[in-house]
Amino acid sequence: MLNIVVLVSGGGTNLQAIIDAVEAGEITNTRISGVISNNKNAYALKRAQKHGIKSLCISPKDFGSRTEFNRNFLEAVDGLNPDLLVLAGFLVVIPPEMTERYRNRIINIHPSLIPSFCGTGYYGLKVHEAALLRGVKVVGATVHFVDEGTDTGPIILQRAVEVEQGDTPEVLQRRVMEQAEWKILPRAIDLIANGKVKVEDGVVKVVEDDN
Ligand code: GAR
């Protein structure tokens, strides 16, 4: 059984997709051991509570220094004994001690086709604003392992989504969530939980079923 801890900062629609997929048996061999937010007002925390999932808030604002926050954050994560950390709209930089300890055991959902529209400054709606400004016709989402860089780790799954005439950043964001994020994030967790994801020389090999 894979114990996952989901890290969130906002609305938590990706968390909801994971909860729903676990409850529907679309993600197997997996238990959500906890949800951690850096924002006490995140609606994601309510979603966790509604489903009886342990939830807690730990914010850099509550500590005198980043070092102190990082130490407490790592302790909080370790305390939940996760096999896999899932960043689902988590907007705090992961401390290097955590990427080191959880090497190839942290995944993130990013709302673009990496390596487009990723890295520092590209998060949430900003990604979709940039895509529309550039005039790209295809966007999408990526699930990747987290390393020391920003959106630089090995790519696990991607799904493309078409831009439509008249899209606003909000409309595009919603389409990318519905058609890509809410599908590939649960899928990636299920693949990992069932031993189907291997990382070789920084590249992910997914062993899919024949059916
Ligand atoms: C999602 O679109 C996710 O891909 C994005 O934040 C949103 C969170 O929504 N993450 C990033 O931009 C990370 N760089 P949610 O709280 O409803 O899941």
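Let me sum up the structure you'll find in this document.

For E97, the position within the fold is in helix α4 (residues 96-101). With a relative accessible area of 43%, E97 lands in the partly exposed category. A C-alpha to C-alpha distance of 9.5 Å links E97 and E148, two positions 51 residues apart in sequence. Setting aside its immediate chain neighbours within four residues, E97 contacts N70 and L74.

The next subject is the sheet that holds strand β4 (residues 84-87). Each strand in a sheet pairs with another by means of backbone hydrogen bonds, the pair being arranged parallel or else antiparallel. Here seven strands make up an open sheet; going across it, the order is β3-β2-β1-β4-β5-β6-β7 and the pairing mixed. With one partner strand each, in any of the chains shown, β3 (55-57) and β7 (155-162) form the two edges of the open sheet. The mean angle between the axes of side-by-side strands here comes to 20 degrees, regardless of whether they run parallel or antiparallel. In this sheet, strand β2 (residues 30-37) lies alongside strand β1 (residues 2-8) in parallel orientation, the contact comprising seven bridges. The residue bridging N3 from the neighbouring strand is R31, located in β2.

Counted according to the given criterion, the structure contains eight salt bridges. In this structure, the salt-bridge partner of R175 is D167, at a minimum N-O distance of 2.8 Å. Taking the relative accessible area as the measure of exposure, R175 reaches 10% and is therefore buried. On the basis of relative accessible area, D167 is assigned to the buried category, the value being 13%. For R187, the salt bridge identified is with D190, shortest N-O distance 3.7 Å.

Let's shift gears to the pairing of strand β5 (residues 106-110). Two faces, one strand: in a regular strand the side chains alternate between the faces of the sheet. Burial analysis of β5 places five of its five residues in the buried class, the great majority of the element. Residues of β5 alternate between two faces, with I106, N108 and H110 on one and I107 and I109 on the opposite face, all of them buried. Bridge count between β4 and β5: three bridges; the pairing is parallel. Counterpart to V86 in the pairing with β5 is I107. In this view, the connection linking β4 to its parallel neighbour β5 by way of α4 has right-handed handedness. Relative to strand β6 (residues 138-145), β5 is paired through four bridges, and the arrangement is antiparallel.

The next subject is the nonpolar core. One broad trend across soluble globular proteins is that nonpolar side chains are buried collectively. Counting residues in each nonpolar core, the largest one holds 45 residues, and the members touching the most others are V6, I107, I156 and I189. It is helix α6 (residues 169-193) that contributes the most residues to this core, ten residues altogether. Those residues within four positions of I156 in sequence are excluded, and the remaining contacts are I107, V143, H144, F145, A188, I192, V197, V204 and V206. Judged by nonpolar contacts, the second largest core, of 19 residues, contains A76, V77, F90 and I94.

Conventions we followed
Residues numbered from 1 in each chain as written. Predicted model: local features only at pLDDT ≥ 70, side-chain atom pairs only at ≥ 80, totals over all residues. Heavy atoms only, no water. Helix = DSSP H or I, 4+ residues; strand = E, 2+ residues; numbered from the N terminus. Buried < 20%, exposed > 50% of the residue type's maximum accessible area, 1.4 Å probe, protein only. Contact = heavy atoms within 4.5 Å. Pairing = 2+ DSSP bridges. Axes fitted to C-alpha atoms, helices over the stretch in contact; angles between N-to-C directions. Salt bridge = Lys/Arg side-chain N within 4 Å of Asp/Glu carboxyl O. Right-handed = clockwise from strand over helix to strand, strands pointing away. Core = buried A, V, L, I, M, F, W, Y, C linked by side-chain atoms within 4.5 Å.

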